[in-house]
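# Observations on chain architecture
Read off the chains here:
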Amino acid sequence: SSWLNGDNACTYGQARVVAHPEHFMHASNVRMYTASADPTFERCRVAFQKELCELFTALKDPAAREQVAAGIYGGVLPPWWAANHRKARA
């Protein structure tokens, strides 16, 4: 947004950085770092991160990962999928 891109203080409020779901299919493409000035969120951070990790843990199952990927790509896996999938298993 213009507010985030401008010369504005970022010490309050919130921002969301959105990545296309495709990028999450490549573990080396996306890293998440979070920070918050909200003391309530900070107290709950460990639980939040645990729940988030549990959601992503489901993608360790190859069949579930392929089903999610197919959904992201409109039902058809991209050509690079098979090569990457074989590397992940090796």
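Residues numbered from 1 in each chain as written. Predicted model: local features only at pLDDT ≥ 70, side-chain atom pairs only at ≥ 80, totals over all residues. Heavy atoms only, no water.

## What to know about the overall build of the protein chain
Keep this limit in mind: A run of H or I in DSSP becomes a helix once it reaches four residues, and a run of E becomes a strand once it reaches two; helices and strands are each numbered from the N terminus. Whether a residue is buried, partly exposed or exposed follows from its accessible area with a 1.4 Å probe, protein chains only, as a fraction of its type maximum: under 20%, in between, or over 50%, in that order. Here, two residues are considered to be in contact whenever any of their heavy atoms come within 4.5 Å of each other. Each accessible area is a Shrake-Rupley estimate made with a 1.4 Å probe; only the visible protein chains count as cover when residues are assessed.
Tallying secondary structure elements over the protein chain gives five helices and zero strands in all. Looking at the protein chain residue by residue over its 90 residues, the buried ones come to 12%. For the protein chain, contacts bridging at least 24 residues in sequence account for 32% of all contacts bridging at least 6. Counting every atom, the protein chain has about 7500 Å² of accessible surface; 58% of that belongs to carbon and sulfur.

## Concerning the layout of surface pockets
Note the threshold: Using a grid of 1 Å spacing that covers the protein atoms alone, one calls a set of points a cavity when a 1.4 Å probe fits there but cannot get out, and a pocket when the set is open and has protein on both sides within 12 Å along at least five of seven lines; lining residues are those with an atom within 4 Å of a point. Grid points are joined across faces, edges and corners, and a volume is the space filled by probe spheres set on the points. Each residue is assigned to one of three groups, with Ala, Val, Leu, Ile, Met, Phe, Trp, Tyr, Cys and Pro labelled nonpolar, Asp, Glu, Lys and Arg labelled charged, and all others, Gly among them, labelled polar.
Considering only enclosed or pocket space, the second largest pocket measures out at about 550 Å³ in volume. Residue lining of the second largest pocket: 18 residues in total, with Phe 24, Val 30, Met 32, Cys 53 and Phe 56 positioned closest to the centre. Only α2 (21–24) and α3 (39–57) provide two or more residues apiece to the lining of the second largest pocket. Sorting elements by how many residues they give to the lining of the second largest pocket places α3 first, with six residues. Each residue belonging to the lining of the second largest pocket can be placed in one class, and the counts come to ten nonpolar, five polar and three charged.

## As for the pattern of salt bridges
Note the threshold: Definition used for salt bridges: Asp or Glu carboxyl oxygen within 4 Å of a side-chain nitrogen of Lys or Arg.
The full count for this structure, using the stated rule, is one salt bridge. Of the charged contacts, one joins Glu 42 and Arg 45 as a salt bridge, the two residues approaching to 2.4 Å between their closest N and O atoms. One end of the pair, Glu 42, and the other, Arg 45, are both in helix α3, three residues apart, so they sit about a helical turn from each other. Given a relative accessible area of 34%, Glu 42 falls into the partly exposed group. Its relative accessible area of 13% is what places Arg 45 among the buried residues.

## Looking at the side chain of Arg 45
So the rule is basically this: Polar contacts here mean pairs of N or O atoms no more than 3.5 Å apart (in protein, one a potential hydrogen donor and the other a potential acceptor; neighbouring residues in sequence count only if both atoms are side-chain atoms).
Within the structure, Arg 45 has its side chain in polar contact with the side chain of Glu 42 (distance 2.4 Å). Apart from the residues within four sequence positions on either side, Arg 45 is in contact with Thr 34, Ala 35 and Ser 36.

## Observations regarding the environment of Pro 21
In this fold, Pro 21 is placed in helix α2. For Pro 21, a relative accessible area of 39% corresponds to the partly exposed category. With 47 residues separating them along the chain, Pro 21 and Val 68 place their C-alpha atoms 9.8 Å apart.

## What about the packing of aromatic side chains?
Heads up, the condition is: Think of it this way: a Phe, Tyr or Trp ring, Trp meaning its six-membered ring, pairs with another when their centres are within 6.5 Å, and the plane angle makes it stacked under 30 degrees, edge-to-face over 60, tilted otherwise.
One pass over the full model with this rule turns up three aromatic pairs. Centre to centre, the rings of Trp 80 and Trp 81 are 5.9 Å apart; their planes meet at 55°, and the pair counts as tilted. Its relative accessible area of 5% is what places Trp 81 among the buried residues. Grouped by ring-pair contacts, the aromatic residues Tyr 73, Trp 80 and Trp 81 constitute a single cluster.

Distances and angles like these do not, on their own, reveal function.
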